[in-house]
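# Architecture and fold: a report
Now for the letters of each chain:
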Amino acid sequence: MALVPGSPVETDLIVEPATGEIRTRVPLDRETRPSYSLVALPSVRVVITVLDENDNACLLYTSRCV
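Attention here is on the structure that accompanies the text. Everything quoted here is computed from the prediction, not taken from an experiment.

### Side note on the environment of Val-50
- Relative to the assigned elements, Val-50 resides in the segment after β4 (44–49).
- The spacing of Val-50 and Tyr-36 is 14 residues in sequence and 8.2 Å in space, taken between C-alpha atoms.
- When sequence neighbours within four positions are dropped, the list of residues in contact with Val-50 reads Leu-28, Asp-29, Arg-30, Arg-33, Pro-34 and Tyr-36.

### Focus on the pattern of salt bridges
- On inspection of all chains with the given rule, the structure shows two salt bridges.
- Among the salt bridges present, the one from Arg-23 reaches Glu-16, with a minimum N-O distance of 3.9 Å.
- Taking the relative accessible area as the measure of exposure, Glu-16 reaches 31% and is therefore partly exposed.
- Two residues, Arg-23 and Glu-21, come together in a salt bridge whose shortest N-O distance is 3.8 Å.

### Considerations on the side chain of Asp-12
- Among the secondary structure elements, Asp-12 is positioned in helix α1 (residues 8–12).
- Buried charge without a salt bridge: Asp-12, with Arg-33 as the nearest opposite-charge side chain at an N-O distance of 4.8 Å.
- Within the structure, the side chain of Asp-12 is placed 3.1 Å from the side chain of Thr-11, a separation counted as a polar contact.
- In terms of polar contacts, Asp-12 uses its side chain to reach the side chain of Tyr-36, at 2.5 Å.
- Here Asp-12 is in contact with Arg-23, Thr-24, Arg-25, Val-26, Leu-28 and Tyr-36, once residues within four sequence places are set aside.

Reading the values: the criteria
Residues numbered from 1 in each chain as written. Predicted model: local features only at pLDDT ≥ 70, side-chain atom pairs only at ≥ 80, totals over all residues. Heavy atoms only, no water. Helix = DSSP H or I, 4+ residues; strand = E, 2+ residues; numbered from the N terminus. Contact = heavy atoms within 4.5 Å. Salt bridge = Lys/Arg side-chain N within 4 Å of Asp/Glu carboxyl O. Buried < 20%, exposed > 50% of the residue type's maximum accessible area, 1.4 Å probe, protein only. Lys, Arg positive; Asp, Glu negative; His and termini not counted. Polar contact = N/O pair within 3.5 Å; in protein donor to acceptor, adjacent residues only side chain to side chain.

Given below as structure tokens:
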């Protein structure tokens, strides 16, 4: 598998050439990139979908009725 230099796959993921194991270099964030697509010739395609985690603090507003 050849990685495109500077692509999100190259900067965010590590693909072990000998085993094909895919690991992350950085924490993945759905708000930044919802998915990654890798193609290994001739017939293997891997799509990694990043699930959302509630990593933003909740903001609660209260109103008072007088």
